[in-house]
Structure formats: structure tokens, C-alpha cells
Amino acid sequence: MVNHAKRQLLKAGSLAALALGISRPAIATTTTNTHPPISTKNNILSQRQLGHLTVSALGLGCQGLGQNMYGVPQPSRQQAVHLVQRAFDHGVRFFDTAEAYGPFESERIVGEGIKPFRNHIVLATKFGWDIDQQTGQRTGGLNSRPDHIKQVVDAMLQRLQTDRIDLLYQHRVDPNVPIEEVAGAIQDLMKQGKVLHWGLSEAGEQTIRKAHAVQPLTAVQSEYSLFFRGREKDVIPVCEELNIGFVPWSPLAMGALAGYIDENSRFEADPGKDLRGIIPRFTPEAMQHNMKLIQLVQKWAKRKLCTPAQFSLAWLMVQKPFIVPIPGTTKVHHLLDNLGADDIQLTADELTQFHQELEAIEIVGLRLPEAILNFSEAK
Ligand SMILES: NC(=O)c1ccc[n+]([C@@H]2O[C@H](COP(=O)([O-])OP(=O)(O)OC[C@H]3O[C@@H](n4cnc5c(N)ncnc54)[C@H](OP(=O)(O)O)[C@@H]3O)[C@@H](O)[C@H]2O)c1
């Protein structure tokens, strides 16, 4: 039964194929919620542990549902709600959003989408940017002051149409607020039942240790993919030591690993339309080099009879059992493609061989523009 369902998923998928939200004022509209009665059993995707929290082996990244990200038109509110609900139907029990996505619009969509099955999923969101909760205006900076966090969480609960956040991350470490104070604010919110678990995003080893000592962390979310493996030597080992889950963001390298980009791809210069237009690793010059990785992934996907996106996600998942990627998509057929990764096995021999080829490839260009990367450099 399980294998049949998975095979169907894989077949459907194979056939089908920022961190800084650049803000657009949030528009509050409503949609008709037509999700049919739900089956709460997840017999399609396997499950994984983030600390003591059980989630589906893959989550859904919901940033692109609330704002333009990578050159594709943002789906309508109704289409986005539909995607969230199809994800649930196909086994996803882990949804990732943030106040910054839109701002607010992604949270509103996720809140609307998960309403019929709220008690059967893990809902993750993030605070940390300085955003006015009434107007959506941002200063461009960070704000993890305890009073601000509490105000943001109350606004999040309204947008998400729920009474608790299962996993609340600090989006970026705020250099002006000691992490112990942030952890204290989270503890207050936990006592009130508004937050059940917490995590950090793009935090360094020292910050993780300090935060965990005050209030144990459930997950750390950082960029990780075949395109960017920078966390393998620092953050992932700390997560393993402290029993903290690791959630890779941009696990498909903003689409590059899904196989539709090559050295001739050109991105909109306006980051409000396509963030890749200002990212050094995607310039035409960098892509001349970086095509080697894309071609390697394509070769291995062919060999494994899967799609490049499935191979890339399966590779992440085989690294550690506590790794749970959250690929983002605006399309149901891409969603199905990505979920098929749960069915791909990579043997030890295959991994050794793949890594020999991988190590010979050097990725050229920074993963983000320097100005954005500065927010990620906390120790
Ligand atoms: N903590 C942080 O600071 C942070 C930063 C960035 C992102 N995130 C989280 O991580 C999630 C995922 O990251 P991401 O969206 O930046 O990057 P991603 O998941 O690596 O890639 C998303 C891109 O890949 C395309 N795509 C997805 N599946 C595909 C498939 N099977 N075939 C072809 N194309 C495919 C999507 O296009 P289509 O829409 O056309 O499918 C989109 O352009 C976000 O939604 C967000 O929740 C967190």
C-alpha cells in the first residue's frame, strides 16, 4: 500500500518533469476553503525527528506562495491555498513560513490552507526582522527585542488562524540582543502555550550552544544543498551532538538543482522579481563553472531513474537522519516531483562514487549578495 502510493507519487513527479522578502504591501482577502474531509494518516511520506518533534521527511517551503521569488508569477491566494492542501494530501506534515514572506502574506495563506487539518501538522514560522505589524513596513534591520517578539507572535497567531506555533525560529541572530534574552522571551511564550518548540536560522555554533543552554532548541534552519555545503563542518555536527534537527533552506539552490537552469539562463535584474539576479553564484561567468555541478546531478539523476530535484533532495536526506529539507514551489507538479525524493535510495558505494566526482567541482560565487550575507555571519 505504502509502496504503491509512493510509486504513484514518483511517477507523477517524474512525468512532470529570502531570507529577505522584498516587500509588497499585504492585501487581506479571503478564499473559499473547500478541502474535503481529511484522512489524517500519513501513509505516503516517511517521518523524521527534529529533536523531539516528529515531522514528515520533507516539508513545504512557503516563501514563494507569499511573494515573488524566482521569476515566476506569485500564485493567486486561491492557488496557493490549494497547493498547501495538496501538499497535505500527499503526506506533507511540515509547513515553513515567516512573517517576512510577503511580509505576512505567506503566513495568511498557510493559515488559511492548513485550517482543515491544523491539528495534524507541524507549523513553523519565523520572527526577527524589524517589521511593523500593522503596516508591514520594514526598516531593513533586525529586531529580536523581547517585547517586539511577543507582539509579533500575537500578530502571527492571528494571521495563521491558530492558538499556537509548533516551531518558532529566530530568522537571523540580532547582534543587539543577547541570545539568552531571546531564549527568555521564548520561554515566556512557551509558558503561555503560544509557542511549543523553538529554533534558530542561520546561527553560528556559539549562538546555538548559548541558546540551547537556556531553552533547548528543536531545529536549526540554514542554507544547505549540493550548491552550498558550508554547514557540514560547523553547524550540522553541533546539531548532532545536541540532538537538534537541521532544516536545509533552498535545498534545490533556488531551483538551480532542479535542472532547468544553465549557463545561458539570465535572471531579472530586479530582486523583487527574481532574487537570483543579484546573487553572485548565478552570474553568467559563475554559471560557466557551476554548470559542472548541475551536469553531475543530471547525470546521476539519469542513473538513478529520478529527476535532478529528487536526486538533490535524496542526497541531503541521506547525509543525516535529522535533516528535513523544505523545498519551495508554486506548482503542484513540482511538489509531487520533490516528494518523490523520499523514495530514492542511495547506497554507500554510490555515495562514495558521487562524492569523488563532487569534490572535484568548485562552486564559484557567493551564495547570497554580501549585504544579505552579513546578517548570517554571527558566530
Ligand atoms: N531561513 C531562511 O533564511 C530561509 C531563506 C530562504 C528560504 N527559506 C525557506 O526555504 C524554502 C525553500 O527555499 P527556496 O524556495 O529559496 O529554494 P528552493 O527550494 O531551493 O528552490 C525553489 C525554486 O525551485 C523551483 N522548483 C522547486 N521544485 C522544483 C522541481 N521539482 N522542478 C523544477 N523546479 C522546481 C521553484 O520554482 P516553482 O515555483 O516554479 O516550482 C523555485 O523557483 C522557502 O520557501 C522558505 O520556506 C528560509
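As the structure is a prediction and not an experimental result, all values here were calculated from the model. (Residues numbered from 1 in each chain as written. Predicted model: local features only at pLDDT ≥ 70, side-chain atom pairs only at ≥ 80, totals over all residues.)

**A few points about the overall build of the chain**
Link 1 in the chain: Regarding its fold elements, the chain presents 13 helices and eleven strands.
Link 2 in the chain: Within the chain, buried positions represent 48% of all 379 residues. (Helix = DSSP H or I, 4+ residues; strand = E, 2+ residues; numbered from the N terminus. Buried ≥ 20, exposed ≤ 12 C-beta atoms within 10 Å, placed from the backbone.)

**Re the site of the ligand**
Link 1 in the chain: Inspection of the region around the ligand gives 33 residues, with G61, L252, G255, A258 and G328 positioned closest.
Link 2 in the chain: Listed by contribution, the elements that provide at least two residues to the shell around the ligand are helix 2 (63-66) and helix 11 (332-339).
Link 3 in the chain: Among the elements that make up the shell around the ligand, the one with the highest residue count is helix 11 (three residues).
Link 4 in the chain: In terms of residue class, the shell around the ligand is built from 16 nonpolar, 13 polar and four charged. (Near = placed C-beta within 6 Å. Nonpolar A, V, L, I, M, F, W, Y, C, P; charged D, E, K, R; others polar.)

**Some remarks on unusual backbone geometry**
Link 1 in the chain: Look at the link from G102 to P103: it is a cis peptide, with omega at -5°.
Link 2 in the chain: Structurally, P103 is set in the loop between strand 4 (94-96) and helix 4 (105-114).
Link 3 in the chain: At M254, a residue that is not glycine, the phi angle is positive and equals roughly 60°.
Link 4 in the chain: Of note, M254 is situated in the loop between strand 11 (245-249) and helix 9 (284-303).
Link 5 in the chain: The buried category is assigned to M254, around which 27 C-beta atoms lie within 10 Å.
Link 6 in the chain: Positive phi values are uncommon outside glycine, yet L305 reaches one of about 55°.
Link 7 in the chain: With respect to the helices and strands, the residue L305 is situated in the loop between helix 9 and helix 10 (308-319).
Link 8 in the chain: With 11 C-beta atoms counted inside 10 Å, the residue L305 sits in the exposed group.

**Quick word on the confidence of the model for the chain**
Link 1 in the chain: Mean pLDDT over the chain: 91, with 89% of residues reaching 70 or higher.
Link 2 in the chain: Residue range residues 1-30 is modelled with pLDDT below 50. Its contacts to residues more than four positions away, or to other chains, number 56 contacts. (pLDDT = per-residue confidence, 0-100. Contact = placed C-beta atoms within 7 Å.)

**Points about the pairing of strand 2 (residues 53-56)**
Link 1 in the chain: The sheet contact formed by strand 1 (residues 47-50) and strand 2 spans four bridges and is antiparallel. Each residue of the ladder has a partner; that of L50, found in strand 2, is L53.
Link 2 in the chain: With antiparallel pairing between neighbouring strands as the criterion, strand 1 and strand 2 make up a hairpin whose turn holds two residues, including G51 at a positive phi of roughly 55°. (Pairing = 2+ DSSP bridges.)

**Focus: the environment of P284**
Link 1 in the chain: Take P284: it is sitting in helix 9.
Link 2 in the chain: Distance in space between the C-alpha atoms of P284 and D262 is 9.1 Å, their sequence separation being 22 residues.

**Observations regarding helix 10**
The periodicity of an α-helix, 3.6 residues per turn, causes residues three or four positions apart to be oriented the same way.
Link 1 in the chain: If you check helix 10, its first and last C-alpha atoms are 17 Å apart, about what twelve residues at 1.5 Å a residue would give, namely 16 Å.
Link 2 in the chain: The buried count for helix 10 comes to ten of twelve residues, which makes it a mostly enclosed element.
Link 3 in the chain: Along helix 10, the residues that are buried comprise P308, A309, Q310, F311, S312, L313, A314, W315, L316 and M317. (Expected span 1.5 Å × (residues − 1).)

**Some remarks on the sheet that holds strand 8 (residues 165-170)**
Link 1 in the chain: Read across the open sheet, the seven strands follow the order 3-4-5-8-9-10-11; overall the sheet is parallel. Each having just a single partner strand, strand 3 (60-61) and strand 11 make up the two edges of the open sheet.
Link 2 in the chain: Pairing between strand 5 (residues 122-127) and strand 8: four bridges, direction parallel. Within strand 8, the residue paired with F127 across the bridge is Q170.
Link 3 in the chain: Helix-sheet contacts for helix 5 (residues 146-159) involve strand 5, strand 8 and strand 9 (195-201), and the interaxial angle to strand 5 is about 140°. (Axes fitted to C-alpha atoms, helices over the stretch in contact; angles between N-to-C directions.)

**Looking at the environment of D154**
Link 1 in the chain: Following the sequence through the fold, D154 ends up in helix 5.
Link 2 in the chain: Its 12 C-beta neighbours within 10 Å are what place D154 among the exposed residues.
Link 3 in the chain: Remark: the alpha-carbon pair of D154 and R164, spanning ten residues in sequence, is separated by 9.6 Å.

**Focus: the nonpolar core**
Link 1 in the chain: With 103 residues, the main nonpolar core has V84, F95, V220 and L257 as its most contacted residues.
Link 2 in the chain: A per-element tally of this core places helix 10 first, with seven residues.
Link 3 in the chain: Apart from residues no more than four positions distant in its own chain, V220 is found in contact with G199, L200, A203, I208, V235, C239, I244 and F246. (Core = buried A, V, L, I, M, F, W, Y, C linked by C-beta atoms within 7 Å.)

**Observations concerning the pairing of strand 7 (residues 138-142)**
For a regular strand, side-chain orientation follows a simple rule: the groups alternate between the two sheet faces.
Link 1 in the chain: Relative to strand 7, strand 6 (residues 129-131) is paired through two bridges, and the arrangement is antiparallel. Across the sheet, the residue bridging to W129 is L142, located in strand 7.

**Focus on the packing of helix 3 (residues 77-89) against helix 4**
Angle between the axes and distance between the axes: these two values describe a pair of packed helices.
Link 1 in the chain: With their axes 8 Å apart at the nearest point, helix 3 and helix 4 run at an angle of 55° to one another. Taken together, the axes of helix 3 and helix 4 lie oblique to each other. The chirality of how helix 3 crosses helix 4 is right-handed. Across from R77, A80, V81, V84 and Q85 in helix 3, the residues of helix 4 making contact are I109, V110, E112, G113 and I114.
Link 2 in the chain: Of the residues belonging to the contact of helix 3 with helix 4, the class tally is six nonpolar, two polar and two charged. (Parallel < 35°, antiparallel > 145°, perpendicular 65-115°, else oblique. Left-handed = near helix turned anticlockwise from the far one by under 90°.)

**Let's talk about helix 5**
Link 1 in the chain: A rise of 1.5 Å per residue sets the reference length of helix 5, with its 14 residues, at 20 Å; its end C-alpha atoms lie 20 Å apart and thus fit the reference within 8%.
Link 2 in the chain: Those residues of helix 5 that fall on the buried side of the exposure criterion are I149, V152, V153, M156 and R159. Seen along its axis, helix 5 keeps its buried residues to an arc of 120°; they face one direction. Away from its buried face, by an angle of more than 90 degrees, helix 5 presents the exposed residues D147 and D154.
Link 3 in the chain: Where helix 5 is buried, its residues meet helix 4, strand 5, strand 8, helix 6 (179-191) and strand 9.
Link 4 in the chain: Two residues or fewer after helix 5 comes Q161, characterised by a positive phi angle close to 55°. (Arc of directions from axis to C-beta.)

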